[in-house]
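Chain by chain, the residues run as shown.
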Amino acid sequence: MDELREDTFLQDDLLEELRQDPQELEEDGVGSGPSNVTRRTFIQGSVATGAAVSIAGGNLLQPDVLRAATEPVARTIELRVNGETHELEVEPMDTLAMVLRYGLDLTGTKLGCDRAECGACTVLIDDVPHYGCSILVHQVRGREVTTVEGLEQDGVLHPVQQAVLDEMGFQCAFCAPGFIMSMAGLVKANPNATRADAQKWLAGHICRCGDYNKILNTAERALENARATLS
Ligand code: FES
Ligand code: FES
């Protein structure tokens, strides 16, 4: 309390001096000398410096505080992918495609547009094709995710993978994993689908090489392979 009072007295004292005319101060012999720095200019400088430090400090502190308040908090989740359970630390805005590629190293899932336009990131969620770039990884907790790496079973190719080899239907094949996963979804949903059905089913995919006719041949062959496996 005494310290506080002393500070207050000191401030009053300084304010009083600041109000004084410099001429008066020099006459008082306050702060004059060879350096030409009077007590008044020293005090003014100190006050200005203090204010500057205070402002700078405020500016430095504010973003830190804001950053701490808005920084995403990573959470540990369990993810079922290709029949295995993985424990992963993810952030709230992580997409499934990002986590598959950069968290689990399953790079068969491609990222083309990253905004639900090209289909390169397609994976199966409970056997239904979805764009991995447009679904948050939190949304697939407790669901079964299948990527192109998980199609082969015990060394046996999936009917769609076999069809790709049979037809050699892709050029650069960047789009292939997405098409393949959608075809796998079609084969599962309706192995009796026609070429026209496949064309509609695959409408959400873009092949930049424009290889659509061969891709539809592949889809037809995949459906044939699936029917042969079932019979
Ligand atoms: S990367 Fe997901 S739709 Fe293009
Ligand atoms: S084969 Fe090249 S993008 Fe489809």
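Our structure's up above, just so we're on the same page.
Criteria and thresholds
- Residues numbered from 1 in each chain as written.
- Chains lettered and ligands numbered in written order.
- Predicted model: local features only at pLDDT ≥ 70, side-chain atom pairs only at ≥ 80, totals over all residues.
- Core = buried A, V, L, I, M, F, W, Y, C linked by C-beta atoms within 7 Å.
- Buried ≥ 20, exposed ≤ 12 C-beta atoms within 10 Å, placed from the backbone.
- Helix = DSSP H or I, 4+ residues; strand = E, 2+ residues; numbered from the N terminus.
- Contact = placed C-beta atoms within 7 Å.
- Pairing = 2+ DSSP bridges.
- Axes fitted to C-alpha atoms, helices over the stretch in contact; angles between N-to-C directions.
- Parallel < 35°, antiparallel > 145°, perpendicular 65-115°, else oblique.
- Left-handed = near helix turned anticlockwise from the far one by under 90°.

Undergrad: Teacher, can you tell me more about the nonpolar core here?
TA: For soluble globular proteins, nonpolar side chains are generally found buried alongside one another. Counting residues in each nonpolar core, the largest one holds 42 residues, and the members touching the most others are Leu 96, Val 160, Ile 180, Met 183, Ala 184, Val 187 and Ala 222. Going through the elements one at a time, β1 (75-81), α4 (96-103), β3 (122-125), α5 (159-167), α6 (176-189) and α8 (212-230) are the ones with two or more residues in this core. Looking at which element gives the most residues to this core, the answer is α6, with eight residues. If sequence neighbours within four positions are ignored, Ile 180 has contacts with Val 148, Val 160, Gln 161 and Val 164.

Undergrad: Can you help me understand the sheet that holds β3 in this one?
TA: The strands that make up a sheet are held in pairs by hydrogen bonds between backbone atoms, and each pair lies either parallel or antiparallel. Here five strands make up an open sheet; going across it, the order is β2-β1-β5-β3-β4 and the pairing mixed. Strands with a single pairing partner mark the edges of an open sheet, and in this sheet they are β2 (84-90) and β4 (128-131). Between one strand axis and the next, the sheet turns through 40° on average, direction left out of account. Note: β3 against strand β5 (residues 144-146), two bridges, orientation antiparallel. Note on β5: the bridge partner recorded for Leu 124 is Thr 146.

Undergrad: Whenever I open this one, the packing of α6 against α8 confuses me. Can you help?
TA: Relative orientation and spacing of two packed helices are given, respectively, by the angle between their axes and the distance between those axes. Look at α6 against α8: their axes get within 10 Å of each other, and the N-to-C directions meet at 40°. Between α6 and α8, the crossing angle belongs to the class labelled oblique. Considering how the two elements wind past one another, α6 and α8 form a crossing that is right-handed. Residues Phe 179, Met 183 and Val 187 of α6 pack against Ile 215, Ala 219, Ala 222, Leu 223 and Ala 226 of α8.

Undergrad: How should I be thinking about the pairing of β4 in this particular structure?
TA: Sheet faces and side chains relate simply in a regular strand, where the side chains alternate between the two faces. Alignment of β3 against β4, held across four bridges, turns out to be antiparallel. Bridge pairing in β4 links Leu 124 to Pro 129. A loop of two residues connects β3 with β4, the two strands running antiparallel in sequence, and Asp 126 in this loop sits at a positive phi of about 50°.

The analysis is restricted to geometry; functional conclusions fall outside its scope.
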